[in-house]
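# Examining the three-dimensional arrangement
Residues per chain, in single letters:
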Amino acid sequence: MTRSHYYFNSSIFRQNFRQHGWIGIIYALGLLFALPLQLFMSNNPNAKPQEIDHLFRIAGSVQALFIITIPVAAGLFLFRYLQAKSPADLWHGLPLRREHLFIAHLTSGLTLLLVPVWLTAGVVAVVKHWSGNFYIFQGADIWQWCITVSILTLFLFCFSVFVGICTGQSILQGIIIYILLILPVVLISLINSHFAMYLYGYANANVNFRNSSLQMWSPFVHIVYYFTGEPFTNTELWIYGVLALLFIGLSYLLYRKRNTEKAGQAIAFGYFNPLFKAGVMLCTMLIAGNYFAQMKQQQIGWVISGYTIGAIIGYVAAEMIIRKTWQIMTRKMVAEFAVYAVMMGLILYIPVSSITGYEARVPSSDKISGVYMGSNYHMYTKMDDMYTTPFMGQDPFSDNKDYIEVVRKLHQAVVAVRPEHTSQQYVYEYFTLAYQLENGNKLVREYWIPNKGFEAELKVIKETEDFKYEKYNLTLLDKDLDYMWITNRNKKVAISDTGEILELKEIIKREILNMSYEVQLDKDGKPDVANIQTELKVKEESDRPSSSYGYYYPWKSSFHELEKWMTDKGYADKVRSTAEDIQSAEIIKDDFMDKQTPKNPTSPEQRVVLARENNRTVVTKDKALLTDILNHRFNYGVENGNYIVKLLYKEGYSDFVMLKDSDMTPELKAILK
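Rules behind the numbers
- Counting from 1, residues in each chain are numbered in the order their sequence is written.
- pLDDT decides what is reported in this predicted model: residues at 70 or higher carry local features, side-chain atom pairs at 80 or more are listed and counted, and totals for whole chains, interfaces and linings draw on all residues regardless.
- With hydrogens and water excluded, all non-hydrogen atoms of the structure serve as input to the side-chain values.
- Only DSSP runs of H or I reaching four residues or more are called helices, and only runs of E reaching two or more are called strands; each is numbered from the N terminus.
- Atoms counted for the radius of gyration: C-alpha only. Globule rule: 2.2 Å times residue count to the power 0.38.
- Type-normalised accessible area, obtained with a 1.4 Å probe on protein chains alone, sets the label of each residue: buried when under 20%, exposed when over 50%, and partly exposed for intermediate values.
- Here a residue-residue contact requires only that any non-hydrogen atoms of the pair lie within 4.5 Å.
- Areas reported as accessible are Shrake-Rupley estimates using a 1.4 Å probe. Residue values count occlusion only from the protein chains shown.
- This count recognises Lys and Arg as positive and Asp and Glu as negative, with His and chain-terminal groups excluded.
- By convention, the point assigned to a charge is CZ for Arg, NZ for Lys, CD for Glu and CG for Asp.
- An axis is simply a line fitted to the C-alpha atoms; with a helix, the fit covers only the stretch in contact. Between two such axes, the angle follows the N-to-C directions and lies from 0 to 180 degrees.
- Reported orientations rely on four angle classes, namely roughly parallel under 35 degrees, roughly antiparallel over 145, roughly perpendicular from 65 to 115, and oblique for the rest.
- When the near helix sits turned anticlockwise from the far one by under a right angle, the crossing is termed left-handed; a clockwise turn instead gives a right-handed crossing.
- Any residue outside Ala, Val, Leu, Ile, Met, Phe, Trp, Tyr, Cys, Pro, Asp, Glu, Lys and Arg is labelled polar, Gly included; the first ten of those are nonpolar and the last four are charged.
- Given a helix with a known number of residues, its expected span is that number minus one, times 1.5 Å.
- In the analysis that follows, any N or O atom pair within 3.5 Å is treated as a polar contact, provided that within protein one partner can donate a hydrogen and the other can accept it, and provided that, for residues neighboring in sequence, both atoms belong to side chains.
- Grid points spaced at 1 Å over the protein atoms alone were grouped into cavities, where a 1.4 Å probe fits but cannot get out, and pockets, open sets with protein on both sides within 12 Å along at least five of seven lines, with lining residues defined by an atom within 4 Å of a point.
- Grid points are joined across faces, edges and corners, and a volume is the space filled by probe spheres set on the points.
- Note that the arc is computed from the directions linking the helix axis to the C-beta atoms.
- We define a salt bridge as a contact between a side-chain nitrogen of Lys or Arg and a carboxyl oxygen of Asp or Glu at a distance within 4 Å.
- The term nonpolar core refers to a set of buried residues drawn from Ala, Val, Leu, Ile, Met, Phe, Trp, Tyr and Cys, joined through side-chain atoms within 4.5 Å.

### Digging into the overall build of the protein chain
Counting its secondary structure elements, the protein chain contains 22 helices and 14 strands. Over its C-alpha trace the protein chain gives a radius of gyration of 33 Å, far above what one expects of a compact globule, namely 26 Å for 673 residues. Referenced to the eigenvectors of the C-alpha coordinate spread, the extents of the protein chain come out at roughly 115 × 75 × 60 Å. Looking at the 673 residues of the protein chain, the share that counts as buried comes to 49%. Across the protein chain, contacts joining residues at least 24 apart in sequence account for 74% of those joining residues at least 6 apart. Carbon and sulfur atoms form 59% of the exposed surface of the protein chain, whose accessible area is close to 33,600 Å². Between the centroid of the 66 positive side chains of the protein chain and the centroid of its 64 negative side chains there is a distance of 11 Å.

Written as structure tokens, this is what we have:
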């Protein structure tokens, strides 16, 4: 046996380098442009060197462009001879076994791709300390970049080769490669949307491509967001490395069995056809079903039509691709479509049916180690590198047994009643109910819960310390704060004295922990006196502006201890609204409920306009009357019999408040006569 019969046939190598060497050259030039050259490029020549945590921070989008295109292109061109009859006959007519051809082309491709990566890493290491470099990084960052790009290149090239061997057309190969690379995250998003529409209480419906837990399912999406999001973990790199080896093995086995006559066919192996049809049908059904459900507010007729249309489009498209013709209509096709449609329908229906018990599932107390109830659950989990909050790193769960039990009772009541969130009933609160179970799993549900009908359950929960700590972010007051601000419209007072900040934080804690359920719902209707703003730096990086998180605590009119402290310190008079802030007040008797247009029946502006049309408004600028209004005002609500007051502030903005008949002073009543 001559050397040319070995796996590493030098003649094939030379031929590949002559014919496809441009791939390696473009990859090398692209990576050299995207990384070493960019180290010295800056719009500001006087800029100081910035410290970065990984090399993808440098022109990451340009790097991503080359990494996700060149390895795929290499797989397309190096194995393109398989997709046309003449080249396939020529190559397979050589006195070489198929495994020799495969290994030679595979090795040629890896050489063309990996050498540019290593060359780029070497150049970066050499120029790292050169003057004019605008970035500071460590040698370990170069190693990390080199290993990451090498593994991603290896994975994308091997995946491209695998798809090429399974398909018979280069164009279809390219399309399928990118579809499959993106498909996992698209499919997860579509399924999430499907579950959110039909599973009551389904959580995690609002995931998006920036979510790091979703990006890990698609190397394509992860590479695109790598330069702004989470880096690849070692586990992911190991998985991609193992998958690359798996694709090499599968490609090796399939290549030996692939018929040369399959060149030009859509799918080279007939046993992949059912999987291809089912996959295309599932995707089109989810897309069409979700579209019609969202556009027509889940009307059952439109939803069924959407899934049916999606099934037909998906099946017909798959058949036309496989057969390479639009003339596909046969009796067998109709029967086959029916079978596929039923199967896909069951796949979509069973997970959202009552069979799974998802909607009614409430864990028993003995299986729960911790519980969370609130609306900030997603803020405890890091979604991407750009989004940080002080909640991250904290344990959101309370192990208080009494709190666990009252949350369970609310959960049981909600799943029994299943209140729907409708636009007509606007007094709803959004809650996430999450359980940390003894077996280590989590059970998470999300609901819009109306206050009406659940007063007893909500009152017990909302008056607990555990709920208030989460709801009002009281743990933020345990942190060191440099400043606190008291704000009311355009008025703002800063508190920087350390002693005053400590006193104020403790008073806010006591006031909030003493709040009753009724105060939390603002049943007295009294507007807040002001807000107390805090701000905390949650992220410090030398190459980015620091990230801060602000939070506002209410200064409610029922907070008497806070009121006294503000008055004693002289802050109350500086921020409280006074008659001097108001230019005028327009007053009407609110008896226009039946005269409102159906389009906007709760608009106070409309009621004032109707009153003007009937000459039933009174405008006053009297400071004494304005003071009376401010002292007796409460928040606007839709209720006949009260008085609506439109306050026009000197800064130009307006506000609507209400006065009860019992609060009207004789002077105010006098001007309305």
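### Some points on the packing of helix α5 (residues 139-166) against helix α9 (residues 234-257)
Here α5 crosses α9 at 30 degrees, and the two axes come no closer than 8 Å. In terms of their interaxial angle, α5 and α9 are classed as roughly parallel. Seen along the crossing, α5 lies across α9 with a hand that is left-handed. Here α5 contributes Gln144, Thr148, Ile151, Leu152, Leu154, Phe155, Cys158, Phe159, Val161, Phe162, Ile165 and Cys166 to the contact with α9, which in turn contributes Asn234, Leu237, Tyr240, Gly241, Leu243, Ala244, Phe247, Ile248, Leu250, Ser251, Leu254 and Tyr255. Looking at the contact of α5 with α9, its residues break down into 19 nonpolar, 5 polar and no charged.

### As for helix α11 (residues 300-323)
In this model α11 runs 34 Å from its N-terminal to its C-terminal C-alpha over 24 residues, within 8% of the 34 Å that 1.5 Å per residue would give. Taken together, the buried positions of α11 are Val303, Gly306, Tyr307, Gly310, Ala311, Gly314, Tyr315, Ala318, Glu319 and Ile322. Packing partners of the buried residues in α11 comprise α6 (170-198), α10 (273-295) and α12 (331-349).

### Some thoughts on the side chain of Thr464
Relative to the helices and strands, Thr464 resides in the loop between α14 (455-462) and α15 (465-471). Among the polar contacts listed, one links the side chain of Thr464 to the backbone nitrogen of Phe467, at a separation of 3.3 Å.

### Section: the side chain of Ser353
For Ser353, the position within the fold is in the loop between α12 and β3 (368-374). Overall, the relative accessible area of 6% leaves Ser353 in the buried class. A distance of 2.8 Å separates a polar side-chain atom of Ser353 from the backbone oxygen of Ile350.

### Topic: unusual backbone geometry
With a phi angle near 50 degrees, Arg418 is a residue other than glycine that sits in the positive phi range. For Arg418, a relative accessible area of 34% corresponds to the partly exposed category. Phi angles above zero are rare outside glycine, and Asp522 is one such case at about 55 degrees. Residue Asp522 is classed as partly exposed on the basis of its relative accessible area of 31%.

### Considerations on empty space enclosed by the protein
Within the structure shown, the criterion is met by 3 cavities of 30 Å³ or more. Within this model, the largest cavity holds a volume of roughly 50 Å³. Val519, Asp522, Asp524, Lys526, Pro527, Asp528, Lys556, Ser557 and Ser558 are the residues that line the largest cavity. Split into classes, the residues belonging to the lining of the largest cavity amount to 2 nonpolar, 2 polar and 5 charged.

### A few points about α14
It helps to recall that an α-helix has 3.6 residues per turn; residues three or four apart then point in one direction. Taken residue by residue, α14 has Leu458, Ile461 and Lys462 as its buried positions. Along the axis of α14, the buried residues cluster in a sector spanning 90 degrees; they form a single face.

### Topic: the pattern of salt bridges
Under the counting rule described, the total for this entry stands at 20 salt bridges. Salt-bridge contacts for Lys471 lead to Glu429; the nearest nitrogen and oxygen are separated by 3.9 Å. Pair noted here: Lys471 is in helix α15 and Glu429 is in strand β4 (residues 428-437), with a separation of 42 residues, a long-range link. Look at Lys471 and you get partly exposed, because its relative accessible area is 29%. For the salt bridge of Glu586 with Arg612, the shortest nitrogen-to-oxygen distance reads 2.8 Å. Placement of the pair is Glu586 in strand β10 (residues 582-589) and Arg612 in helix α20 (residues 604-613), with a sequence separation of 26 residues. Assessed through its relative accessible area of 10%, Glu586 is described here as buried.

### Describing the nonpolar core
Counting residues in each nonpolar core, the largest one holds 79 residues, and the members touching the most others are Tyr27, Leu55, Ile67, Phe102, Trp145 and Phe157. Going through the elements one at a time, α1 (10-34), α2 (60-78), α4 (98-127), α5, α6, α8 (219-226), α9 and α11 are the ones with two or more residues in this core. A total of 16 residues in this core trace back to one element, the largest contributor, which is α5. In this structure, Ile67 is in contact with Tyr27, Leu31, Phe56, Val149, Leu152, Leu156 and Ile223, ignoring residues within four places of it in sequence. Counting 39 residues, the second largest nonpolar core, distinct from the first, contains Ile508, Ile512, Ala572 and Val575.

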